[in-house]
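One letter stands for each residue in the lines below.
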Amino acid sequence: MKKLLIVSHVPSDNTRLLSSWVVAGAGTGRVEVELTPPLQTGPDQVLAADGVILGTTENFGYMSGAMKDFFDRIYYPCLEETRGLPYALFIRAGQDGLGAKTSIERIVTGLGWRAVQEPLICRGDVAEFRNPCHQLGELMALGLEQEIF
């Protein structure tokens, strides 16, 4: 069975909702789904995953500090072992989300990970992102299950 790791920073009710919708979408397939906060996620979990969904808040035009800490800890242990790892990204944005998006894309480019969807920037009323978040999780899980990526 394929394993999907969802690393999501959820400091608020809105970000918890976004993450729950991503998890619900991912749970529609036959893929093992693990949701974990960035501060509690280590290299072994990334190395065991067949795909990753990253979720972060936009803080001061950048990814959350928790997500940055996650990347600091997993970067070198995963650098050579996870090249080509499929990933997707969602951002809870207070501004335009582009700073958070760009900072994460730089790091995953260095890791050699492969984006399988356009990043989902969730700005405005969180309820508007129920279906897009569900679809993000569902498409990632189905892609892994059917070995599309």
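Here's a quick rundown of the structure. Going along each chain's sequence as written, the residues are numbered from 1 onward. Reporting of local features is limited, given that this is a predicted model, to residues whose pLDDT is at least 70; pairs of side-chain atoms are given and counted only at 80 or more, and all residues count toward the totals for whole chains, interfaces and linings. The basis for the side-chain values is all heavy atoms of the structure; hydrogens and waters are excluded.

1. Some thoughts on the overall build of the chain
The way it works is that DSSP assigns letters per residue, a run of H or I at least four long becomes a helix, a run of E at least two long becomes a strand, and they are numbered from the N terminus. Across its full length, the chain carries five helices and seven strands. Mapped in sequence order, the helices and strands of the chain form the string β-α-β-α-β-β-α-β-α-β-β-α. Compactness check: the chain gives a C-alpha radius of gyration of 14 Å against a globular reference of 15 Å for 149 residues, within 12% of the reference. Relative accessibility under 20% of the residue-type maximum defines a buried residue, over 50% an exposed one, and the middle range a partly exposed one, all with a 1.4 Å probe and only protein chains included. The buried share among the 149 residues of the chain stands at 46%. A separation of at least 24 residues holds for 83% of the contacts in the chain among residues at least 6 apart in sequence. Surface accessibility in these figures is a Shrake-Rupley result with a 1.4 Å probe; residues are shielded only by whichever protein chains are displayed. For the chain, the accessible area works out to roughly 7,000 Å², and carbon and sulfur atoms hold 49% of it. Charged residues are defined narrowly, with Lys and Arg counted positive, Asp and Glu counted negative, and His plus the chain ends left uncounted. Taken as the charge centre is NZ of Lys, CZ of Arg, CG of Asp or CD of Glu, depending on the residue. In the chain, 13 side chains carry a positive charge and 18 a negative one; their mean positions are 2 Å apart. Each radius of gyration reported is based on C-alpha atoms, and the globular scaling rule is 2.2 Å times the count of residues to the power 0.38. What makes two residues a contact is simply this: any of their non-hydrogen atoms within 4.5 Å.

2. Thoughts on the nonpolar core
Counting 24 residues, the largest nonpolar core has V52, L54, F71 and W113 as its most contacted members. Contributing elements (two or more residues each) for this core: β1 (3–8), β3 (51–59), α3 (65–78), β5 (86–93) and α4 (98–111). Ignoring anything within four residues of it in the chain, the contact list for L54 reads V7, M67, F70, F71, Y87, A88, L89, F90, I104, V108 and W113. F90, C122, F129 and L144 belong to the second largest nonpolar core, which has 19 residues in total. Joining through side-chain atoms within 4.5 Å is the link that ties buried Ala, Val, Leu, Ile, Met, Phe, Trp, Tyr and Cys residues into a set, and such a set is a nonpolar core.

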